[in-house]
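Descriptive structure summary
Read off the chains here:
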Amino acid sequence: MSCLIIIRSLTNTIWRTHTSLFARHSSILDNMLQFPAAERNKEHMLNVLRDHLSADREGQGLEIASGCGTHVALFAQNFPLMKWQPSEIDQGCLESISAYKEHYGLHNIHEPIPIDVTSPVQSWNEGKFQPASFDAVVNMNMIHISPWDTAVGLFKGCGRLLKSGGLLFLYGPFAIHGQLTPQSNVSFDASLRQRDSRWGVRDVDDVEKLAIQNGMTLFKMVDMPANNKTLIFKKC
């Protein structure tokens, strides 16, 4: 075999490999969804987690309604010793989360799983979750754009799955003792209820009642940009 033939063969092999890798990378990027709200709030939420979880902390984190995956990817990069379990109910989002995990090479993120929080917590992850197995649960922008049953299911799940002292970080707009401010939140609430009468901005008092019913207490309320808040609940 001549040197020219060998060189051509090696060149073709390298080209095919390069083309295959490029196609795979393009496919990953195509699956990575981007939600403007998630891009705006992800760093702010990370700062809240940093105030309550040390960077060298080991443990298990669960994100309910992970969206496109940009949040859990950021959390996994900044809390590398924690294992993160993302979840979603939307198939496109599940694929996007997997794409974020692969794109950033994050080995401390489990493959995303479908979770419907209105289903019994014993059935989540095909019943593989053990009671009191998570150190932290994160849920962002869910309970105001879904029926109240999702809030009920979320707190039942956290009551069962969080360890004693474990934290639930709940992000979104909230009314305080029956008062919803500013006017932009009032208008937002009206638009949500117009789209679906079961939706709407929730009151902290109602959410706190769910926490108490499930062995949790409201630990802290943090003001966030764009008139949102993060409610931090601690498992007793």
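That block above? That's the structure.
The structure displayed is predicted, hence computed values, not measured ones.

Observations regarding the overall build of the chain
Summing up its helical and strand segments, the chain has seven helices and nine strands in all. The contacts in the chain between residues at least 6 apart in sequence include a share of 73% that link residues at least 24 apart. Total accessible area computed for the chain in this model is approximately 12300 Å², and 55% of it derives from carbon and sulfur atoms.

Quick word on the environment of Ile145
With respect to the helices and strands, the residue Ile145 is situated in the loop between strand 4 (134–140) and helix 5 (148–161). Judged by relative accessible area, which is 37%, Ile145 ranks as partly exposed. When the C-alpha positions of Ile145 and Arg193 are compared, they lie 9.1 Å apart, and in sequence the two are 48 residues distant. Setting aside residues no more than four positions away along its own chain, Ile145 makes contact with Leu192 and Trp199.

A closer look at the side chain of Gln85
As for its position among the elements, Gln85 is in strand 2 (residues 82–88). Not counting chain neighbours up to four residues away, the residues in contact with Gln85 comprise Gly61, Leu62, Glu63, His110, Glu111, Pro112, Ile113, Phe129 and Phe134.

Here we look at the packing of aromatic side chains
This structure, assessed with the given rule, holds five aromatic pairs. Their ring planes at 45° and their centres at 5.7 Å tell us that Phe75 and Trp84 sit as a pair that is tilted. For the pair Phe75 and Trp84, a shared accessibility class is recorded, and that class is buried. Ring geometry for Phe79 and Trp84: centres 6.4 Å apart, planes at 50°, overall tilted. Under the relative-accessibility criterion, Phe79 is labelled buried at 1%. Put simply, the rings of Phe75, Phe79 and Trp84 touch in pairs and so form one group of aromatic residues. In this arrangement the basic side chain of Lys234 is found over the ring face of Phe219, its NZ or CZ atom lying 4.5 Å from the centre.

Quick notes on the rules
- Residues numbered from 1 in each chain as written.
- Predicted model: local features only at pLDDT ≥ 70, side-chain atom pairs only at ≥ 80, totals over all residues.
- Heavy atoms only, no water.
- Helix = DSSP H or I, 4+ residues; strand = E, 2+ residues; numbered from the N terminus.
- Contact = heavy atoms within 4.5 Å.
- Areas by Shrake-Rupley, 256 points an atom, 1.4 Å probe, with all protein chains shown as cover.
- Buried < 20%, exposed > 50% of the residue type's maximum accessible area, 1.4 Å probe, protein only.
- Phe/Tyr/Trp six-rings, centres within 6.5 Å; stacked < 30°, edge-to-face > 60°.
- Lys NZ or Arg CZ within 6 Å of the ring centre and 35° of its normal.

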